[in-house]
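So you can see what is in the structure, the chains are spelled out below.
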Amino acid sequence: MEQALAVDVQHVVKQFGEVTAVADVSLQVAPGTVYGVLGPNGAGKTTLLRMMFGLIRPDAGTVRLFGRSWADDGPRMLDGVGGFIESPRFYPYLSGRKNLEGLARLDGGVDGDRIDDVLRTVDLADRQRDKVGGYSFGMRQRLGVAASLLRAPELLVLDEPSNGLDPAGIRDMRALIGRLAGEGLTVLLSSHDLHEVEETCDKVTIMRTGSVLYHGSIAELRERAPSSGHRFVTSDDDRAREVAATLPGLRIARSEEGDLLAYGRQDEIDAYVAALVAAGVHLRSLEPDRAPLETLFFLLTEGDAAPEVPA
Amino acid sequence: MNHTPTRRPGIAAVMSFETRKLLAQKRTPITLVVAAVIPIIIAIVMNGQARPPKDTLFGRFIHDSGWSMPLLLLGFAGQWLLPLLTSIVAGDIFASEDQHGSWKTILTRSTSRTQLFVGKTFVALGFALVAYVILATSTIVASVVLIGHQPLVGLNGQVIASHDAARLVIESWASVAAPLLGFTCLAIALSVLTRNVAVGIAAPVALGLVMQLVGALGGVELIRPLLLTTPLEAWHGLFADPAFSGPLVVGLVVSAVWCIVSITIAFVVFRRRDYLG
Amino acid sequence: MRHARTTATSLVLLVLATVTMTGCSGGPTSSTTVTRPRLERSLERTYANRYVALSKVTGHRGVTAKSLDAHAVCDKGGPTVDDAGPGGDWICQVAYTDPNVPNPDGSAKVEMNVHSNDCYTAAGSSKLVGPLNIVDTHGHQVVNPAFEFDGCFNPSGSGTPDGTLIIVNAVPLPGAPVAKPALTLPTGLVTPDGRGRVPLLLTCGDAPTSCSGTIDVTVQGEAASKVTYDVPSGGTKTLRAQLTRGQARDGGIITLTLHERTPPPAPAPT
């Protein structure tokens, strides 16, 4: 028998009033993969994850985890699935350990050793008796991972696990995810941070405003990436913009510092430089601005309209 | 696939966790202590008053029989104390999950929504009963110790022997448990519907006062028996001669209907709700 | 924001529901549980029990609820008001027998404040039961058990009137001679005969002439009949006042209003 997909989302739709949070999204994750769902805030990632956990019901479509669905299996659907949505929340008046003990009860009981184990894994063993109300954001985030690991999951679903963490915390969290993935866990990770996904994931789905823009491996994505964005400093930016408009394929944007940014294949950038010189615009400086993958992500998610992913 | 078989949790697991959560919040033990101490203070203060509070039934006899004080307090407690006693937990037990944003934490474990709902409801009902038994015991014991166990004058002017009065006092307090649990269900429903702790706790008390007010108006006889506050007074019949129990039966049915309707609405809303918080 | 709106909506709905329920049932005393017969049956028991307690305090022996044989008739707010529903304007007359305390009025007036929860507070007539604080046989000051007392009645108890009729003192008409009327009217409990007639024992005092005139008979403020009398000086006569069938069945407070024919001026002493 063929092994069931860890995650099998089919044509899921969710609307909140007038707003379509998730529009016809499908997503498959094979067991053992570290999978990223990448997109800016508001792309519908969290709504998708909530539907996977049964917290909200899809208006259409189905979600299956290891072949089990909410409709057929109820809370059994979540057997072997751990994780958290947005920042994990606990009872501030209970200690970290008491929170875990209570959640373990709701899982049918877990022995104390297991709680010790997961607390050690997330490096909270020495703070386990303290009330969660006194925990830092990062500690609560780690306690969230501990709560997920309590159930010895085969699928770990983490929503923005590095959100709100300081650089050291982010490094630890990524190392933890790497370690868990190394143990054969399937991980589904949502993030708005390309670096996080690029660093930890094998495969990625990129979403924007509720729709899927790209499905595939990171390696494939890297190949399809355009060349870098380039930062132009010219004598006359307005004129340079007019010149750019005459060149098909080239995309122009303004950097946060107000500089001119141009995106395109290398030959298009070369042509643009030549055209600028021909138009009498003096080029003062030209430097690569973003990594290629970042440029693709930028083009996909920040542009005025969703561009087609270069084939 | 090395799928570890998960043990299925039951309602008992939910109740155990909910009880621990309750006891870890200062409010819960404080409420129980207050339920034990307040009647003693009231009994001492009342006993020291030269003029008995005649405007409540049995108030005029507080110096004459220790059995009248528990009845005076029962009449007085119904007005707002009992709804508050139960809503302090029942109005909070669902809405506090919204307040802490912790629905997603417990709804993503192995318990079903039904198990969570039933477990929380049982704990709220259980707390109401425990707090009420403490309140009743403290009231009755304090009154009898302070004043004594003299015969009591009933509601047909008849003299009720002390041992009969004792039984009737206990039966009266027991009868009020029905509307008390009705208020528990109402508080649960408000807690689920509004997802707001303040409303869950305060609204049942306010509604209790409104119903009391409506019940005291003339010309509302058709709805008076339907109010949840009417069964709070059903015990009066036990002290008449001959005693009558019609209002007790009606009160039991009315309390049950309030409870079932409230809980059903709460359950349907709870089951179908999208948890976004 | 969402929550606040949901909360506000729920509260508004609850208030509306309550108001609607209140409004729908706003009919005048529709099917009230507070009825005259229930109040009367409860009051006569309660009054008797409290009166027995009073007799114990004052040392009157042999007074029991049975020996008192109390009967009560109540009226709410005079003849123009329906005798049903809660209110502080219920007036009851209780007729009872206590050889220790003669009562020329034949009944005791009790003022009742009846609540919508089928309980009441009653105030006895201090003329008959004494003041709030009394002295018991041991010389201790105690609270008078019959001065003011509480009671509750069964809201589903029998609502059928038992036909008790109590005559209260005749009311002198405004403008009538202030002098004490020569005719003595009956008071207290009376029983109608099979044809709905009530016997009225009339006694004419030592008047210079015979007592004559008319008596207006009302039950619960509603006219029943007019009786013409002529009783010789120093004599007695029993007349019969006809009641309507309803009045005889339901009972009530009978009020006799006396219209004495002005006696001719007394002859000058010789």
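Residues numbered from 1 in each chain as written. Chains lettered and ligands numbered in written order. Predicted model: local features only at pLDDT ≥ 70, side-chain atom pairs only at ≥ 80, totals over all residues.

Colleague: Please clarify how the sheet that holds strand 7 (residues 148–152) of chain C should be interpreted in this entry.
Modeller: Two pairing modes exist for strands in a sheet, parallel and antiparallel, and in both the strands are linked by backbone hydrogen bonds. Residue and element names in this part refer to chain C. Spatial strand order, 1-2-3-4-7: five strands in an open sheet with antiparallel pairing. With one partner strand each, in any of the chains shown, strand 1 (71–76) and strand 7 form the two edges of the open sheet. Recorded for the sheet is a direction-independent mean angle of 30° between the axes of neighbouring strands. Strand direction decides the pairing type here: strand 1 and strand 2 (residues 87–95), joined by six bridges, are antiparallel. Residue lysine 76 lies in a different strand from strand 2, and its bridge partner there is tryptophan 90. (Pairing = 2+ DSSP bridges. Helix = DSSP H or I, 4+ residues; strand = E, 2+ residues; numbered from the N terminus. Axes fitted to C-alpha atoms, helices over the stretch in contact; angles between N-to-C directions.)

Colleague: How should unusual backbone geometry be read in this particular structure?
Modeller: Excluding glycine, residues mostly carry a negative phi; peptide bonds, for their part, are mostly trans. Residue aspartate 241 of chain B is joined to proline 242 of chain B through a cis peptide bond whose omega torsion reads 5°. Phi is positive for aspartate 123 of chain A, close to 65°, though the residue is something other than glycine. Assignment of secondary structure puts aspartate 123 of chain A in the loop between helix 4 (112–121) and helix 5 (137–149).

Colleague: In this structure, what is going on with the environment of aspartate 237 of chain A? I would like to understand it.
Modeller: With respect to the element layout, aspartate 237 of chain A can be found in helix 9 (residues 237–245). Spatially, the C-alpha atoms of aspartate 237 of chain A and valine 281 of chain A are 8.5 Å apart, while their sequence positions differ by 44 residues.

Colleague: How do you make sense of the domain arrangement of chain A when you look at a structure like this?
Modeller: When the parts of a complex come together, some accessible area is lost, and that lost area is often used as the size of the interface. Taken as a whole, chain A is organised into domain 1 (7–223) and domain 2 (229–289). Distance between the C-alpha centres of domain 1 of chain A and domain 2 of chain A: 41 Å. (Domains from an automatic or database assignment.)

Colleague: Please clarify how the packing of helix 2 (residues 27–48) of chain B against helix 7 (residues 113–147) of chain B should be interpreted in this entry.
Modeller: Relative orientation and spacing of two packed helices are given, respectively, by the angle between their axes and the distance between those axes. All names here are of chain B. For the pair helix 2 and helix 7, the least separation of the axes is 8 Å and the interaxial angle reads 25°. In terms of orientation, helix 2 and helix 7 fall into the roughly parallel class. Where helix 2 crosses over helix 7, the two elements pack in a sense that is right-handed. Taking contact as the criterion, the partners of Thr31, Leu32, Ala35, Ala36, Pro39, Ile40, Ala43, Ile44 and Asn47 in helix 2 are, on helix 7, Ala131, Ile134, Leu135, Ser138, Thr139, Ala142, Ser143, Leu146 and Ile147. Here the residues of the contact of helix 2 with helix 7 are counted per class, giving 13 nonpolar, five polar and no charged. (Parallel < 35°, antiparallel > 145°, perpendicular 65-115°, else oblique. Left-handed = near helix turned anticlockwise from the far one by under 90°. Contact = placed C-beta atoms within 7 Å. Nonpolar A, V, L, I, M, F, W, Y, C, P; charged D, E, K, R; others polar.)

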